[in-house]
2 protein chains.
Amino acid sequence: MKHFNQKELADMENEARVKFINSLSGFKSANLIGTSSRRNEDNLAIISSVVHLGANPPLIGFIMRPHSVSRHTLENIEETGVYTINHVHTGIVKQAHQTSARYQREQSEFEQTGLTPARYDGFHAPYVEESRLSMGVKLVEVASITHNGTEFVIGEIQWVRTEESAILDDGFIDIEALETVTVSGLDRYHTTSGLCRLSYAKPDREPTEIPLSGPKQDD
Amino acid sequence: MKHFNQKELADMENEARVKFINSLSGFKSANLIGTSSRRNEDNLAIISSVVHLGANPPLIGFIMRPHSVSRHTLENIEETGVYTINHVHTGIVKQAHQTSARYQREQSEFEQTGLTPARYDGFHAPYVEESRLSMGVKLVEVASITHNGTEFVIGEIQWVRTEESAILDDGFIDIEALETVTVSGLDRYHTTSGLCRLSYAKPDREPTEIPLSGPKQDD
């Protein structure tokens, strides 16, 4: 095992440190954030920092880096109060990745990459037609992280669109069946293979594997 | 495709909604947070919300839910200012999952699950000896999310311990080679298979696959 101390981390060549540090958090989610300005200019940005915040109310968050290419996304969210989050699956990885190119604000990443904007029931922000799991989100809070100028964008889920066949008996969604991908570091994409579902942990017993479809009623 | 509107989400049976909403963010990281109280009581908690915040300074964050079983973790972090983050790999999934059981504060999850606490160079918080990627972190900020009482715990990475063979030429760490797992929903664990690394996106060209070891010098 190799140890890196604080000085060794600081002394790394800048680009190598960016790739190294980006690898440390573990596997990341791969989502496209869909927005539209007040003037109906659509925008789409890949984000690997979407994180679950709570089920009741259904809250979800993501990190916006300062000066990042996806600033248009935050501008649109603050203008209109809504956005969509769309899972990236194996079939749209390259288009999704390409949304991180530094396009001009008047250029829609949908048009540039060939992904299709679609609307749900009058919701202002576009979702990605090709995605197999999309949700509409209403902004509730932007928390500023004073230490490095990042912002934590928090929203409440308004609607969800997904393949019904992937929703299992106990409410769990089989996102592997949807071919949702995961990201490591800055730029690597992975598919997944299910290892196990484990029972709710209790102090007096070891966890056991439960069926993919969920725990039995008497569990 | 099935659409769920806000009322349909609210009307879901509570346990099903928890599992459903927990599935929406995509694949999650699987990490163990190691802490020790001022009285040297070790604590270990599995967390699926660790997220990259920045490379310079090297910042990393995670979400602490209110009233969760891992409150001892936050108490120890606030008491001592330090903690470790340790990747969960396929060989320690069950022990890692079991740390989420509601043990008493004086019970160490290390002892209860058979994982081994180890120390690096006088750092107060224990890392997990069995983990293949661990880091020591110093607390820098706890941002409160007013909307649902969660807290976003932000720290600066002080040291990193990993297998040197997994660090590729350009600084990227092959966490798949470390057998790091990923989580979906509340309780499912997955292994991964590399799909591709993609070149830095630019507006005027399509992304291309780059070798796992990193882009060529002239890329």
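Given the structure is predicted, the values throughout are model-derived calculations rather than measurements.

J.: Is there a simple way to think about the overall build of chain A in this case?
T.: Counting its secondary structure elements, chain A contains 5 helices and 14 strands. A compact globule built from 219 residues would reach a C-alpha radius of gyration of about 17 Å, and chain A, at 19 Å, matches this within 12%. Considered along the principal axes of its C-alpha atoms, chain A spans approximately 55 × 55 × 30 Å. Buried residues in chain A amount to 60% of all 219 residues. Taking the intrachain contacts of chain A between residues at least 6 apart in sequence as the baseline, contacts between residues at least 24 apart amount to 59%. With an accessible surface of roughly 8,700 Å², chain A has 43% of that area assigned to carbon and sulfur atoms. Charge separation in chain A, taken as the distance between the mean sites of 21 positive and 31 negative side-chain charges, equals 6 Å.

J.: Can you walk me through the environment of Gly-149 of chain B in this structure?
T.: You can see Gly-149 of chain B is positioned in the loop between β10 (133–145) and β11 (150–162). A C-alpha to C-alpha distance of 32 Å links Gly-149 of chain B and Ile-175 of chain B, two positions 26 residues apart in sequence.

J.: Can you walk me through the pattern of salt bridges in this structure?
T.: Two side chains with opposite charge may pair up if their charged atoms get near one another. Scanning the model with the defined rule gives 23 salt bridges over all chains in all. Notably, a salt bridge pairs Arg-119 of chain A with Asp-42 of chain A, separated by 3.1 Å at the nearest N-O pair. With Arg-119 of chain A in the loop between β8 (117–118) and β9 (127–128) and Asp-42 of chain A in strand β4 (residues 42–47), the pair connects residues that are 77 residues apart, well separated along the chain. Two residues, Arg-197 of chain B and Asp-170 of chain B, come together in a salt bridge whose shortest N-O distance is 2.9 Å. With Arg-197 of chain B in strand β13 (residues 188–198) and Asp-170 of chain B in the loop between β11 and β12 (182–184), the pair connects residues that are 27 residues apart, well separated along the chain. Both residues of the pair, Arg-197 of chain B and Asp-170 of chain B, belong to the buried class. Each member of the salt-bridge network shares a partner with another, and the members are Glu-15, Lys-19 and Asp-187 of chain A together with Asp-170 and Arg-197 of chain B.

J.: What is the right way to look at the pairing of β10 of chain B in this model?
T.: Two faces make up the sheet, and in a regular strand the side chains alternate between them. All names here are of chain B. Looking at chain direction, strand β7 (residues 82–87) and β10 are connected through 5 bridges and run antiparallel. Paired with Asn-86 across the strands is Ser-134, a residue of β10. Sheet topology note: the β10/β11 ladder contains 12 bridges and is antiparallel. Bridging from a neighbouring strand, Leu-133 pairs with Thr-162 of β11. The turn joining β10 and β11, which pair antiparallel and follow one another in sequence, is formed by 4 residues; a positive phi near 75 degrees is taken by Gly-149.

J.: What is the right way to look at the interface of chain A and chain B in this model?
T.: Many analyses report the size of an interface as the accessible area lost when the parts associate. In this assembly, 110 residues from chain A lie in contact with 109 residues from chain B. Buried area between chain A and chain B, both sides added, is near 9,600 Å², and the carbon and sulfur share of it is 61%. When the buried surface of chain A facing chain B is broken down by residue, Met-1, Phe-27 and Arg-188 of chain A rank first, second and third, together holding 8% of it. Summed over the shared surface of chain A and chain B, the number is 10 salt bridges. Across the salt bridge formed by Lys-19 of chain A and Asp-170 of chain B, the nearest N and O atoms sit 3.3 Å from each other. Taken together, the residues of the side of chain A that touches chain B break down into 48 nonpolar, 38 polar and 24 charged. In the sheet, strand β13 (residues 188–198) of chain A pairs with β13 of chain B via 9 bridges, with the strands oriented antiparallel. Paired with Ser-193 of chain A across the two strands is Thr-191 of chain B, which belongs to β13 of chain B.

J.: Whenever I open this one, the relation of the copies chain A and chain B confuses me. Can you help?
T.: Both copies of the chain are tied together by a single rotation about an axis and a shift running along it. When chain A is brought onto chain B, the operation consists of a screw motion whose angular component is 180 degrees and whose axial shift is 0.0 Å, with 0.0 Å RMSD remaining. What the superposition gives is, in effect, a two-fold axis relating one chain to the other. No C-alpha of chain A lies nearer the rotation axis than that of Thr-192 of chain A, which sits 2.1 Å from it. Both copies present the same face, since 99% of the interface residues in chain A are matched by interface residues at the equivalent positions in chain B.

J.: Just to check I follow, could you spell out the packing of aromatic side chains for this structure?
T.: The geometry of an aromatic ring pair is captured by two quantities: the separation of the ring centres and the angle between the planes. In the structure shown here, the tally under the stated rule is 11 aromatic pairs over all chains. A centroid spacing of 5.7 Å and a plane angle of 70 degrees characterise the contact between Tyr-127 of chain A and Trp-159 of chain A, whose relative ring orientation is edge-to-face. With Tyr-127 of chain A in strand β9 and Trp-159 of chain A in strand β11 (residues 150–162), the pair connects residues that are 32 residues apart, well separated along the chain. Every member of this aromatic cluster is reached through a ring pair, and the members are Tyr-120, Phe-123, Tyr-127 and Trp-159 of chain A. Sitting over the ring of Phe-4 of chain A, Lys-2 of chain A keeps its end group 5.2 Å from the ring centre. Stacked on the ring of Phe-172 of chain B, the Lys or Arg Arg-197 of chain B has its end atom at 4.2 Å from the ring centre.

J.: What am I meant to see in the side chain of Ser-184 of chain B here?
T.: Looking at the element boundaries, Ser-184 of chain B is found in strand β12. With a relative accessible area of 1%, Ser-184 of chain B lands in the buried category. Only 2.7 Å separates the side chain of Ser-184 of chain B from the side chain of His-190 of chain B, close enough to count as a polar contact. Residues in contact with Ser-184 of chain B, not counting those within four places in the same chain, are Phe-172 and Ile-175 of chain A together with Phe-27 and His-190 of chain B.

Cut-offs and rules
Residue numbers run consecutively from 1 along every chain, following the written order of its sequence. Starting at A for chains and at 1 for ligands, labels are handed out in the order in which the entities are written. In view of the model being predicted, local features appear only for residues whose pLDDT reaches at least 70, and side-chain atom pairs are presented and counted only at 80 or more, with totals across whole chains, interfaces and linings using the full set of residues. Side-chain descriptors were evaluated using all non-hydrogen atoms of the structure, hydrogens and water having been removed beforehand. Note on conventions: DSSP H or I runs of at least 4 residues are helices, E runs of at least 2 residues are strands, and numbering of each starts at the N terminus. Radius of gyration: C-alpha atoms only; globule rule: 2.2 Å multiplied by the number of residues to the exponent 0.38. Categorising residues by exposure relies on relative accessible area from a 1.4 Å probe, with only protein chains included: less than 20% of the type maximum marks a residue as buried, more than 50% marks it as exposed, and the intermediate range marks it as partly exposed. Residue contacts are defined here by distance: any two heavy atoms, one from each residue, within 4.5 Å place the two residues in contact. Using a 1.4 Å probe, accessible areas were evaluated by the Shrake-Rupley method; residue-level cover was limited to the displayed protein chains. Here Asp and Glu are counted as negative and Lys and Arg as positive; His is not counted, and neither are the chain ends. By convention, the charge on Lys lies at NZ, on Arg at CZ, on Asp at CG and on Glu at CD. The term salt bridge refers to a side-chain nitrogen of Lys or Arg lying within 4 Å of a carboxyl oxygen of Asp or Glu. When DSSP finds two or more bridges between two strands, those strands count as paired. Summed over both partners, buried area is the accessible surface (1.4 Å probe) that two parts give up on being assembled. Gly counts as polar in this scheme, as do all residues outside two lists: the nonpolar Ala, Val, Leu, Ile, Met, Phe, Trp, Tyr, Cys and Pro, and the charged Asp, Glu, Lys and Arg. Least-squares superposition aligns the copies on the C-alpha atoms of those residues with pLDDT at or above 70 in both. Pairing of aromatic rings covers Phe, Tyr and Trp, the last through its six-membered ring, and needs centres within 6.5 Å; plane angles under 30 degrees mean stacked, over 60 mean edge-to-face, and all others mean tilted. The criterion for a charge sitting over a ring is simple: Lys NZ or Arg CZ within 6 Å of the ring centre, and within 35 degrees of the ring normal. Polar contact is defined as a pair of N or O atoms within 3.5 Å, subject to the rule that within protein one atom must be able to donate a hydrogen and the other to accept it, and that residues adjacent in sequence are counted only when both atoms are side-chain atoms.

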